[in-house]
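# Summary of structural features
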Amino acid sequence: MPSDEGPLDRLVDRLPGTRLFKFLASWILVPYWARRTPVQPLQGGPHPSFEHGDNVQCMMNLIMPLKVKSPIGRAEAALAIAQNKDAIFAGLNNVGTVHFARFVIVGDNICMFSVYDGDFTNYIRDFIATIGSVFNAVVELVEDGEKVTPCEKNVEAFIQWVHERDLYQVPDTATDFLRDQEALNGDRAVSPVKDDLTQLPRKLVLQLRANANVSLGSGYRAYPGFSAAQVRERLGLGW
Amino acid sequence: MVDTSVAKQLVEAIIGNLPAPVPGKRPVHTIGVGVKGEFVASDVARTYCVAEHFNGQTIRLSARFSNGLGGLEQHDGWSDVRGMAVRFHLPDGTGSDLIATTLGEFFVRTVADFFEFAEVAKLEPYRRRHWLLKIADFLRLKVPPRNPYPNETQSVDAGALRYADRHRFSQLGIFQVGLIGAPESYARASYHAVHTFWVTAPDGVRRPVRFSWQPVAGVRNIGPADVSRDKYLFDELRDRLQRWPARFMLMMTIGEEGDALDDCTKPWPATRVRVAMGTLTLTEVPEDQEAAGERISFNPCRLAPGIEASDDPILEARLGAYEASREMRGGCPFKWRKDDANAK
């Protein structure tokens, strides 16, 4: 069967991959649609759930922009972590529900990535109790950090502050991303509805405009469903 | 159980939407290849399930890999759901089947949903979208519909999208179908049984589970430039197995309270406990494909003691629909139980 593909078809098919289109889309189309159909940023952290599996190995991906955006600011952050290494390790051991935690500097942000068991609020509360002084040292270097330090005296405000900087966790399935947006808008209908699935790319682009840093998917786990306490017990680590 | 008339209607609804039904053949997944192999359960499998093929001995098996499309036209390079049906041949002469596809979630919850889907997602003429309309899509930050595959004149895509726009439960499955692509090899795709089953452990504990096959060779699709390759999957598998066996790991995910046990449109979270139940090794593509793949009648509800079907209405409907389809095409009946005298 002869192809009905003409030169203009070929040209247009290649268009989305061109720098020109990406430039126009980034600077004209995306701002236009963001004004026309504004989206709210989706909240960070794991979804609330009663199920056991959803409450172990939860992710926290904290991105905190430094006040001093230079090598000096980054060095201050690195020093704050290095000076408190013993306090961090002892604190994490005492919290007991953390699988792993690490600090990373990306650009002019100090980031804390961790995997923990249980409720997010309790996790931060435990941290304040065990390594509040470390948090104070780090958060003072971060934009708006002075509003919530010392964290021991601003517990609720500090928890909210951390939550607002915890990345939105894009679901594993594209359609669950739509469900998150619908839930944010109070739309919980299932069927029948009048959706337009072809708008999914635009919705994703606009969410990524509103929420520049996100975590992609729920991540891989080698032993999903097990808490740090269970792993330690089965490995006989004498915890 | 879904009564036989409904089961027949289901099969007829599928046949009625085919471009060219082929009497005596499977209405969908018509093109396929039968393979011989064996399965060895992992050391822990027997602690979760008492079914005989999980007790650790080597179990002979028959597998059939297939393209999802109905009809005799073979378009391996087209984006399509692929099937992997496995029959574990148990030592007492009975069998236990596990039917999986590359689709992670199904797109309807019930038989009524399916009939509505069949009504909406009819074959329609499929043409290249005009370039001006594509530009309009780009300006709206939308992705235009794909170009037709070589020689493709009809498709259910538009109807399926209309159905998905009305029913959110169907969106994940239909969205996945749209992106599924074509595997480089039948041995380089993951296959999911989509339904929930109940397995019984030696201590009597029953657990809701979902099964998936994961290829040891890794998952890999062909690129868009290879979409016109119509026939490569059978030869690739034959050549591959002549050089070296192909392996799959059987992964079993254990559901929790609150997970969708009877709804195959809903995925389970990735945080559920996952157990490696064993390794399947494919060894040979037999010459006699009639016996190795075409005459075998798989059924997702043919299960060894120790595994039970959930109350998923689609799984229940498949029990009857597969039997109705087998009768219509003259497929080989199979012993469901040890005392089943009507079959071999």
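We now examine the interface of chain A and chain B. Taken residue by residue, the interface counts 47 residues in chain A and 34 residues in chain B. In total, about 3,700 Å² of surface goes out of reach between chain A and chain B, with carbon and sulfur atoms giving 57% of it. Considering only the surface of chain A that becomes buried against chain B, Val12(A), Leu197(A) and Pro224(A) emerge as the three largest contributors, covering 15% of it. The interface formed by chain A and chain B contains eight salt bridges.

Attention now moves to the nonpolar core. Burial of nonpolar side chains together is a common tendency in soluble globular proteins. Phe39(B), Phe54(B), Phe65(B), Phe211(B) and Trp213(B) are the most contacted members of the largest nonpolar core, which totals 54 residues. Broken down by element, this core gets its largest block of residues, five residues, from strand β10 (residues 246–254) of chain B. In this structure, Phe54(B) is in contact with Phe39(B), Ala41(B), Ala45(B), Arg46(B), Cys49(B), Phe211(B), Leu250(B), Met277(B) and Ile307(B), ignoring residues within four places of it in sequence. With 33 residues, the next largest nonpolar core counts Ile81(A), Leu92(A), Val138(A) and Leu141(A) among its residues.

Moving on to unusual backbone geometry. Among all residues except glycine, the phi angle is most often negative; among peptide bonds, the trans geometry is most common. The omega angle of the peptide bond from Thr149(A) to Pro150(A) is -5°, so this bond is cis rather than trans. With respect to the element layout, Pro150(A) can be found in the loop between α5 (120–139) and α6 (155–165). Notably, His29(B) is not glycine yet its phi reads approximately 55°, a positive angle. Note on placement: His29(B) falls in the loop between α1 (4–15) and β1 (32–41). The phi dihedral of Asn151(B) is positive, around 70°, even though this residue is not glycine. You can call Asn151(B) partly exposed: its relative accessible area is 46%.

Another point: empty space enclosed by the protein. For the coordinates displayed, the defined rule picks out three cavities of 30 Å³ or more. Estimated volume of the largest cavity: approximately 60 Å³. Around the largest cavity sit His53(B), Phe54(B), Phe88(B), Ser96(B), Asp97(B), Leu98(B), Phe211(B), Leu250(B), Leu303(B) and Ile307(B), which together line it. It is strand β4 (residues 95–101) of chain B that provides the largest number of residues to the lining of the largest cavity, a total of three residues. The residue inventory of the lining of the largest cavity, partitioned by class, reads seven nonpolar, two polar and one charged. In this model, the second largest cavity occupies a volume close to 40 Å³. Around the second largest cavity sit Leu178(A), Glu182(A), Asp195(A), Asp196(A), Leu197(A), Lys203(A) and Gln171(B), which together line it. Residue composition of the lining of the second largest cavity, grouped by class: two nonpolar, one polar and four charged.

Turning our attention to the sheet that holds strand β1 (residues 58–65) of chain A. Residue and element names in this part refer to chain A. With antiparallel pairing, three strands are arranged side by side in an open sheet as β1-β3-β2. Where the open sheet ends on each side, the last strands, each with one partner, are β1 and β2 (98–106). Going across the sheet, the axis of each strand differs from the next one's by a mean of 10°, ignoring polarity. Relative to strand β3 (residues 109–116), β1 is paired through eight bridges, and the arrangement is antiparallel. For Ile63, the partnering residue across the bridge sits in β3 and is Cys111.

Here is what the cut-offs are and how they apply
- Residues numbered from 1 in each chain as written.
- Chains lettered and ligands numbered in written order.
- Predicted model: local features only at pLDDT ≥ 70, side-chain atom pairs only at ≥ 80, totals over all residues.
- Heavy atoms only, no water.
- Contact = heavy atoms within 4.5 Å.
- Buried area = accessible area lost by both parts, 1.4 Å probe.
- Salt bridge = Lys/Arg side-chain N within 4 Å of Asp/Glu carboxyl O.
- Core = buried A, V, L, I, M, F, W, Y, C linked by side-chain atoms within 4.5 Å.
- Buried < 20%, exposed > 50% of the residue type's maximum accessible area, 1.4 Å probe, protein only.
- Helix = DSSP H or I, 4+ residues; strand = E, 2+ residues; numbered from the N terminus.
- 1 Å grid on protein atoms, 1.4 Å probe; cavity = no way out; pocket = protein on both sides within 12 Å on 5 of 7 lines; lining within 4 Å.
- Points joined across faces, edges and corners; volume = space filled by probe spheres on them.
- Nonpolar A, V, L, I, M, F, W, Y, C, P; charged D, E, K, R; others polar.
- Pairing = 2+ DSSP bridges.
- Axes fitted to C-alpha atoms, helices over the stretch in contact; angles between N-to-C directions.

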